[in-house]
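Fold and geometry: a report
Now for the letters of each chain:
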Amino acid sequence: MIMQKKYALIIGGDRGPCQQARFGNWASLMNSTISGECEFVFCTSPIMDPYILAHTATVVIPRPCLEMHKGNIRRYAELKKKYKYEIVVDFDDVLWKIDGKSPLTEYNPSPLDIDESDRVIEESLKWVDRVLCSTEFLAYCFCYRFGKQWVEKVTVLPNYAFGSLGWEKSVRRKKPLVVYGGSLCHFKDNDHGDFKGWIEPITTAIEEGIIDFLAFGDDRGVFPEKTLLEPCVDSSMWLATLSNIHPDIYIAPLQTNLFNKCKSPLKALEASVTGSAFVASVFPGSPYKPFVPQLCAVTKDTTADGIVEIFKALQDPVIRKECVKTTRHAVASRCLVAEMKPARDNFVKTLFGKFVEIV
């Protein structure tokens, strides 16, 4: 690759799991492997050092939904003419109103104010050169809300699987360990949310000795009594933690709604990295549909007994191994493995834009 400028500044408002998956993991991988051709500076506070700005190709503001983010965009816009970089915003969830309504579900306890987020995004766009979205559908939703003039300026930057940041180990268990690694925003106190239809079969499978079940954080009155609960993990350590646990089965329950249709298949990528059989909700528009083995697909017609039967089938390590191979093939065939050259080239070219030539 030929670099005109070497830095991409990622100015996040936090170090949450989404920003870690989309940029922090790339920074860890690329900064140690590309011999200084380009560098990813991933931080929570604006960097205004003149030398760095002079060598910066792209300033990325992920999830710009607060006044703080708008202020950062404005500050960089004031210096853009002098230092000649691009200002890019990035989205991995739908954080704006669709047809005047919030996309957040009633069971999502996120404190995000969608009215404010929608306003901040719209007001910030006058300073923005390009927009990145994690999926095609999310990009469509962005243009639907903010106008067709953005069609040529919106690029899909998918999430990737990071095999080198995780590892597999041989674990002998009497029964499969099922892990839920999703965000706590998928349910709220005593409301099953995305787990609707899943808790009964998980409870049955635990009581019948078919599986053990592990989740992170507070169960909020949702999970079965015998759930193994682990504390929430710092996002920078998530893949390492998940790899160390090495789930036999990794589940991703989702309800059918716009917010979930906009999600990326991040949990499928994590399952492929950790060698876990991937059991997930499949519906029209589900982000997981291309990655779920037929045996492991939970549809609207799958009963509680049907989910228990999936867990029973996956007690067989040979069947689990075949399911892992299916998910990994789906990930690799779409060039979503970060260590593959096409994935690296696409990530760098998408992020650096006109300032890089891949050779």
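Not measured: the values here are computed from a predicted model.

1. Quick look at the pairing of strand β4 (residues 56-62)
Look at any regular strand and the pattern is simple: side chains alternate between the two faces of the sheet. For β4, the tally of buried residues reaches seven of seven residues, placing the bulk of the element in the interior. As paired strands, strand β2 (residues 7-11) and β4 are joined by four bridges and run parallel to one another. Pairing of Y7 across the sheet is with T56, part of β4. As paired elements, β4 and strand β5 (residues 86-91) share five bridges and run parallel to each other. Of the residues in β5, the one forming a bridge with V60 is V88. Tracing the backbone out of β4, into helix α3 (residues 67-83) and back to the parallel element β5 gives a crossover that is right-handed.

2. A short note on helix α10 (residues 304-313)
Buried within α10 we find A304, I307, V308, I310 and F311. Looking down the long axis of α10, one finds its buried residues gathered within 150 degrees of arc, a one-sided arrangement. On the buried face of α10, the contacting elements are β8 (177-180), α6 (199-207), β11 (249-252), β12 (277-281) and β13 (297-298).

3. A few points about the sheet that holds β8
Spatially, β10-β9-β8-β11-β12-β13 is the arrangement adopted by the six strands of the open sheet, whose pairing is parallel. Strands with a single pairing partner mark the edges of an open sheet, and in this sheet they are β10 (228-230) and β13. Examined bridge by bridge, β12 and β13 share two bridges and lie parallel to one another. Opposite S281, over in β13, you have V298 as the bridge partner.

4. Some remarks on the pairing of β11
What you see with β11 is no split at all: I249 and I251 on one side and Y250 and A252 on the other are buried throughout. Bridge count for β8 against β11 is three bridges, and the pairing is parallel. Its bridge partner lying in β11, Y180 is registered against I251.

5. Things to note about the nonpolar core
Counting 82 residues, the largest nonpolar core has F40, F195, F213, I251, F311 and L351 as the members making the most contacts within it. In terms of residue count, helix α1 (residues 17-30) provides more of this core than any other element does, six residues in total. Y7, C43, Y85 and V131 belong to the second-largest nonpolar core, a separate cluster that totals 37 residues.

6. Things to note about the environment of E123
Examined against the element boundaries, E123 turns out to sit in helix α4 (residues 114-124). The exposure class of E123 is partly exposed, given its relative accessible area of 30%. The sequence separation of E123 and W96 amounts to 27 residues, and the corresponding C-alpha distance is 12 Å. For E123, the residues in contact, after removing those within four places along its chain, are E67 and K70. Looking at E123, its side chain comes within polar contact range of the side chain of K70, at 2.6 Å.

7. What about a nonpolar patch on the surface?
A cluster of nonpolar side chains, F137, Y140 and Y144, forms an exposed patch at the surface whose accessible area comes to about 330 Å². Inspection of the secondary structure assignment puts Y140 in helix α5 (residues 136-146).

8. Focus on the packing of α3 against α4
Two numbers describe a pair of packed helices, the interaxial angle and the distance between the axes. For the pair α3 and α4, the least separation of the axes is 9 Å and the interaxial angle reads 5 degrees. Classified by the interaxial angle, the pair formed by α3 and α4 is roughly parallel. Residues E67, K70 and I73 of α3 form the contact with α4, whose participating residues are E116, R119, V120, E123 and S124.

9. Here's the deal with helix α9 (residues 266-274)
α9 sits mainly inside the fold: nine of its nine residues count as buried. Among the residues of α9, those classed as buried are L266, K267, A268, L269, E270, A271, S272, V273 and T274. G275 occupies a position one or two residues after α9 and carries a positive phi of about 70 degrees.

Definitions and limits used
Residues numbered from 1 in each chain as written. Predicted model: local features only at pLDDT ≥ 70, side-chain atom pairs only at ≥ 80, totals over all residues. Heavy atoms only, no water. Buried < 20%, exposed > 50% of the residue type's maximum accessible area, 1.4 Å probe, protein only. Helix = DSSP H or I, 4+ residues; strand = E, 2+ residues; numbered from the N terminus. Pairing = 2+ DSSP bridges. Right-handed = clockwise from strand over helix to strand, strands pointing away. Arc of directions from axis to C-beta. Contact = heavy atoms within 4.5 Å. Core = buried A, V, L, I, M, F, W, Y, C linked by side-chain atoms within 4.5 Å. Polar contact = N/O pair within 3.5 Å; in protein donor to acceptor, adjacent residues only side chain to side chain. Patch = residues over 30% accessible without salt bridge, like charges linked within 9 Å, V, L, I, M, F, W, Y side chains within 5 Å. Areas by Shrake-Rupley, 256 points an atom, 1.4 Å probe, with all protein chains shown as cover. Salt bridge = Lys/Arg side-chain N within 4 Å of Asp/Glu carboxyl O. Axes fitted to C-alpha atoms, helices over the stretch in contact; angles between N-to-C directions. Parallel < 35°, antiparallel > 145°, perpendicular 65-115°, else oblique.

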